[in-house]
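Listed here are the chains, written in short residue letters.
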Amino acid sequence: MSEAHSVLALGATLGEGPVWVTRESALWFVDIKARSVHRFDPTTREHRAWAAPGQVGWVLPADDGAFLAGLQQGVARFDPASGAFDLIATPEADRSGNRLNDATVDAAGRVWFGSMDDGETEATGRLYVLELGRVRDSGLAPVAITNGPAVSPDGRTLYHTDTLGRTIHAVPLRADGTLGEPRVFAQIDAADGWPDGCTVDNEGGLWTGLWGGWRARRYAPDGGIEREVRFPCANVTKIAFGGADLRTAYATTARKGLDPAALTGQPSAGDLFAFDPGVAGLPGAVAAITSTNNGRE
């Protein structure tokens, strides 16, 4: 088991959603509970933050040069130059107890994103897809906390995590953006924590952060556990591959749920971490909000 090290002392309450933005050579991520969007340049060590108008579950680069952000209120276009968040879709306007939680972009530029019960108990979370400004329900069964999602390198499988169910599902993804019947890809033992956000590498391995598990884990394409990386804090939320060669893994973590005694033993909880994954990631995709985008940066 290899080790991760802190690269940005942040103390995030609920760090989440790291994504490497190739056009900037920078890592973007969020602190959901602090309602903030973050940018970190690993070369210059520059760190910037923007206040969001609500809990923000994710931020992803868009093809018009701006970003999309998943707020509690809905999906918004985020302009870092002005700091403005403009809502473009509100799929759950009738569910005030829900918020958006995690997302990814497929090769066609579609944004797959989930919602969750902010109280983390009721099965009110759903997985949606945003395609050229239109949102539709994926059709997958609702769960309390949706996580992931991630898309396989060949674009034919969508990975979707039921965090409270400790299950990662693999779902056939068709070229038209519809889904097939899900199957269980991995089941996480209670002693290992809860599966949080996931991502894939260029060999088809799936990486997941383990909330309460003190580690990140790589699953081989067949679902077997292939590798683990140890962290000095319990709540590891999500992994992203970055750097010029996409061979540096970054990870967000969280202080949420840790009492003062736990925080004394985990002073780096909530920091941004990095480690050598021994494999490269995939080139970044961008969200299509113009009709000419093909999903690539």
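Residues numbered from 1 in each chain as written. Predicted model: local features only at pLDDT ≥ 70, side-chain atom pairs only at ≥ 80, totals over all residues. Heavy atoms only, no water.

> Describe the pattern of salt bridges, and please don't skip the residues or the numbers.
Considering all chains together, one arrives at 19 salt bridges under this definition. The salt bridge partner of Lys-256 is Glu-120, with a shortest N-O separation of 3.1 Å. Linking Lys-256 in the loop between strand 24 (248-253) and helix 1 (260-265) with Glu-120 in the loop between strand 12 (111-117) and strand 13 (127-131), this pair joins segments that are 136 residues apart in sequence. For Glu-120, a relative accessible area of 30% puts it in the partly exposed group. Here Arg-217 and Glu-228 are joined by a salt bridge, their closest N and O atoms 2.6 Å apart. Taken as a pair, Arg-217 in strand 21 (residues 215-219) and Glu-228 in strand 22 (residues 225-230) lie far apart in primary sequence, 11 residues in all. Both residues of the pair, Arg-217 and Glu-228, belong to the buried class. (Salt bridge = Lys/Arg side-chain N within 4 Å of Asp/Glu carboxyl O. Helix = DSSP H or I, 4+ residues; strand = E, 2+ residues; numbered from the N terminus. Buried < 20%, exposed > 50% of the residue type's maximum accessible area, 1.4 Å probe, protein only.)

> Hey, could you go over the side chain of Thr-161 for me, with residue numbers and the actual values?
Checked against the element boundaries, Thr-161 lands in strand 16 (residues 157-162). If near-sequence neighbours (up to four positions away) are discounted, Thr-161 is found in contact with Ile-145, Thr-146, Asn-147, Gly-148, Thr-167, Ile-168, Pro-195, Asp-196 and Cys-198. (Contact = heavy atoms within 4.5 Å.)

> Give me the nonpolar core: which residues, what numbers.
Side chains that are nonpolar tend, in soluble globular proteins, to be buried together. Judged by nonpolar contacts, the single largest core of 35 residues is most densely connected at Trp-28, Val-37, Trp-58, Phe-78, Val-111 and Phe-113. For Val-111, the residues in contact, after removing those within four places along its chain, are Trp-58, Leu-60, Leu-68, Ala-103, Thr-104, Val-105, Tyr-128, Val-129, Leu-130 and Ala-287. Counting residues in each nonpolar core, the second largest holds 16 residues, with Phe-231, Ile-239, Ala-249 and Ala-251 among its members. (Core = buried A, V, L, I, M, F, W, Y, C linked by side-chain atoms within 4.5 Å.)

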